[in-house]
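Chains, contacts and geometry: an overview
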Amino acid sequence: MPTTSPADGLPVPQRYGAIMAIALGITVAVLDGAIANVALPTIARELQASPAESIWIVNAYQLAIIISLLSLSFLGDILGYRRIYQAGLVVFTCTSLFCALSGSLEMLTFARVLQGFGGAALMSVNTALIRIIYPQRFLGRGMGINSLIVAVSTAAGPTVAAAVLSVASWKWLFLINVPVGLAALYLAFRFLPDNIQKAKEQRFDVPSAIMNALTFGLLISALSGFAQGQSGILVLSELVALVIVGSLFIRRQLKMPFPLLPVDLLRIPIFSLSIGTSVCSFCAQMLAMVSLPFFLQTVLQRGEVATGLLLTPWPLATMVMAPIAGRLTDRYHAGLLGAVGLAMFATGLFALALLPDSPSDLNIIWRMALCGAGFGLFQSPNNHTIISSAPRHRSGGASGMLGTARLLGQTSGAALVALMFNLFGAHGTHASLLLAGSFSSLAAVVSALRITQPRASA
């Protein structure tokens, strides 16, 4: 078992084993964020829960991830990314079994919270590990492969869930994680490298971790509550608490030499611009991906299978473009690649919003493919810039911010879809797509601002 990584990546046999450990872990963690959506009606019926109550099966997992991601990435800087990743695999695998054995909604929700903490451990340090797995000259390719894994896992979630539910109980959605998790754990112990540069001067600050969890938890709760039309007094109370706790949290972080919320990294212009680009782009992606199925089925009267097939060109184009973009990162500035990719993404989104009343399948397919290709061209270079612009001993903080930006964007996008449907009814998808195009255009402008910044070195 390796104890440290070499100065410039792992040798080839070990590198393949290490990246396979990362791929398997991230695949199941991302898949589990998507598959439960499809299974909710089935789970609610079997556990005798209402649809509103069953939403917590999804929310509990996402909330656990977002409130713990930065804390776990900070621990990765101190204890080592390998240890956090291995611990995450153990927790995720055990709690997947717990989910499958749950006999009530309360038990399943509790198991999903614990599973979310395991998933957060995997997501918090995966890009930091990629930085020490790949040689500097191949880091762009490594980020491209990682982006590909996340994109495919996200897109495959509904398909995998439908396939499993067609032949087995919903419990198998969680049971299949057990053998995959054990295989990933074996590879992780055998091949994953440890940090050469641990942050020995960093100390874990418990009050910061609590305030971080409260800040992000209140933010997501207020966003979702506003979008779903909850009591105005409740939402306002959450916003007031968010402002108070968030202000105290940021003030505390500004005074710390090694902050849990990486304000030290956010002072690096190219890092903060890349984080802003990421939040806007993932918000745009979620606005489109959540609203489009409603449009295809209710407005265009396409069936479920046809809807799935019409959405497929998006992830397929991302799959093709992500590795190409990873290679281009080594030659061209990420700000330029991101601006071009996000401009393509915005063009595709606006083109979807301007579809004719009775579009042909081809009319829909090329627009979907343009969105996917644009997003794939942006994502790998952006992730590369976020991770490589941070000092090596702060790779965990950078990795945590990357995951937090993605989840914040996705959660905000999903909440905005609900708001658009509440405000515009049957025209909710059209409004969502126009808003998505606007967010993507904003992201393209922010990405272009990075061109004046020097390229980050890995």
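Residues numbered from 1 in each chain as written. Predicted model: local features only at pLDDT ≥ 70, side-chain atom pairs only at ≥ 80, totals over all residues. Heavy atoms only, no water.

Time to look at the overall build of the protein. Helix and strand counts for the protein stand at 18 helices and 0 strands. Compactness check: the protein gives a C-alpha radius of gyration of 21 Å against a globular reference of 23 Å for 458 residues, within 12% of the reference. Within the protein, contacts between residues at least 6 apart in sequence are counted, and of these 84% link residues at least 24 apart. Carbon together with sulfur atoms contributes 70% to the accessible area of the protein, which is approximately 18400 Å² in total. For the protein, the distance from the average site of its 26 positive side-chain charges to the average site of its 15 negative ones is 11 Å. (Helix = DSSP H or I, 4+ residues; strand = E, 2+ residues; numbered from the N terminus. Rg over C-alpha atoms; globule rule 2.2 N^0.38 Å. Contact = heavy atoms within 4.5 Å. Areas by Shrake-Rupley, 256 points an atom, 1.4 Å probe, with all protein chains shown as cover. Lys, Arg positive; Asp, Glu negative; His and termini not counted. Charge placed at Lys NZ, Arg CZ, Asp CG, Glu CD.)

On to the pattern of salt bridges. Taken as a whole and assessed by the stated rule, the structure comprises 4 salt bridges. Arg112 is the salt-bridge partner of Asp32, the closest N and O atoms lying 3.6 Å from each other. Highlighted residues: Asp32 in helix α1 (residues 12–46) and Arg112 in helix α5 (residues 105–133), separated in sequence by 80 residues. Just as Asp32 is buried, Arg112 falls in that class too. For the salt bridge of Arg252 with Asp205, the shortest nitrogen-to-oxygen distance reads 2.8 Å. Separated by 47 residues along the polypeptide, Arg252 in helix α10 (residues 232–255) and Asp205 in the loop between α8 (177–191) and α9 (206–227) bring together distant segments of the chain. (Salt bridge = Lys/Arg side-chain N within 4 Å of Asp/Glu carboxyl O. Buried < 20%, exposed > 50% of the residue type's maximum accessible area, 1.4 Å probe, protein only.)

A few words now on the environment of Ile387. Relative to the helices and strands, Ile387 is located in helix α16 (residues 361–388). Considered as a pair, Ile387 and Gly400 are 13 residues apart in the sequence and their alpha carbons are 9.7 Å apart. Sequence-distant contacts of Ile387, that is, excluding residues within four places in its chain, are made with Thr127, Ala128, Arg131, Leu139, Met143, Ser395, Ala398 and Ser399.

Here the focus is the state of the cysteines. All told, the structure shown has 0 disulfides when counted by the stated rule. Note on Cys283: no disulfide assigned, nearest cysteine sulfur contributed by Cys280 at a separation of 7.3 Å. In this structure Cys371 is not part of a disulfide, and its nearest cysteine sulfur, from Cys283, lies 15 Å away. (Disulfide = S-S within 2.5 Å.)

What follows concerns the packing of helix α17 (residues 395–424) against helix α18 (residues 428–449). One way to put it is that α17 packs onto α18 with a least axis distance of 8 Å and a crossing angle of 135°. Judged on the interaxial angle alone, α18 and α17 are oblique. In this structure, the crossing between α17 and α18 has a hand that is right-handed. Each of Leu416, Val417, Met420, Phe421 and Phe424 in α17 lies in contact with α18, whose residues at this interface are Gly428, Thr429, Ala431, Ser432, Leu435 and Phe439. Here the residues of the contact of α17 with α18 are counted per class, giving 8 nonpolar, 3 polar and no charged. (Axes fitted to C-alpha atoms, helices over the stretch in contact; angles between N-to-C directions. Parallel < 35°, antiparallel > 145°, perpendicular 65-115°, else oblique. Left-handed = near helix turned anticlockwise from the far one by under 90°. Nonpolar A, V, L, I, M, F, W, Y, C, P; charged D, E, K, R; others polar.)

Turning next to the packing of α5 against α17. Between two packed helices, the angle of one axis relative to the other and the distance separating the axes together describe the packing. Two numbers describe how α5 lies on α17: the axes approach to 7 Å, and their chain directions differ by 130°. Considering their axes alone, α5 and α17 lie oblique with respect to each other. As for how α5 packs across α17, the hand of that crossing is right-handed. Residue-level contacts link Met123, Ser124, Val125, Asn126, Thr127, Ala128 and Arg131 of α5 to Ser395, Gly396, Ser399, Gly400, Leu402 and Arg406 of α17. Within the contact of α5 with α17, the residues separate by chemical class into 4 nonpolar, 7 polar and 2 charged.

A separate point is a nonpolar patch on the surface. Taken together, the side chains of Leu236, Leu239, Val240, Ile244 and Leu248 present a nonpolar region at the surface, about 450 Å² in accessible area. Mapped onto the secondary structure, Leu248 falls in helix α10. (Patch = residues over 30% accessible without salt bridge, like charges linked within 9 Å, V, L, I, M, F, W, Y side chains within 5 Å.)

In the structure shown here, the tally under the stated rule is 2 cavities of 30 Å³ or more. By volume, the largest cavity is sized at about 140 Å³. Every residue lining the largest cavity is counted, 15 residues in all, and those nearest its centre are Asn126, Asn146, Val150, Leu402 and Arg406. Contributing elements (two or more residues each) for the lining of the largest cavity: α1, α5, α6 (139–167), α16 and α17. Class assignment of the residues belonging to the lining of the largest cavity gives a composition of 6 nonpolar, 8 polar and 1 charged. (1 Å grid on protein atoms, 1.4 Å probe; cavity = no way out; pocket = protein on both sides within 12 Å on 5 of 7 lines; lining within 4 Å. Points joined across faces, edges and corners; volume = space filled by probe spheres on them.)

Before going further, it helps to examine the packing of aromatic side chains. Counted according to the given criterion, the structure contains 7 aromatic pairs. Each ring, one from Phe98 and one from Phe110, has its centre 6.1 Å from the other, and the planes form 80°; the classification is edge-to-face. Taken together, the residues Phe98 in helix α4 (residues 81–101) and Phe110 in helix α5 connect sequence positions 12 residues apart. A residue is classified by how much of its surface remains accessible, and Phe98, at 27% relative accessible area, is partly exposed. The exposure class assigned to Phe110 is partly exposed, which follows from its relative accessible area of 49%. (Phe/Tyr/Trp six-rings, centres within 6.5 Å; stacked < 30°, edge-to-face > 60°.)

Taking 1.5 Å as the rise per residue, α10 with 24 residues should run 34 Å; its terminal C-alpha atoms sit 35 Å apart, in good agreement. Every buried residue of α10 is accounted for by Val235, Glu238, Leu242, Val245, Gly246, Phe249 and Gln253. (Expected span 1.5 Å × (residues − 1).)

Along the polypeptide, Asp361 turns up in helix α16. A sequence separation of 52 residues divides Asp361 from Leu309, and the C-alpha atoms of the two residues are 9.8 Å apart.

Ranked by size, the top nonpolar core spans 67 residues in total, and within it Ile22, Ile26, Tyr85, Leu129, Ile133 and Leu192 carry the most contacts. Counting residues per element, this core draws most heavily on α5, at 10 residues. Tyr85 has contacts with Ala21, Ile22, Gly25, Ile26, Leu122, Val125, Asn126, Leu129 and Leu192, leaving out every residue within four places of it along the chain. Ranked by size, the runner-up nonpolar core spans 33 residues in total, among them Leu292, Ala353, Met420 and Ala444. (Core = buried A, V, L, I, M, F, W, Y, C linked by side-chain atoms within 4.5 Å.)

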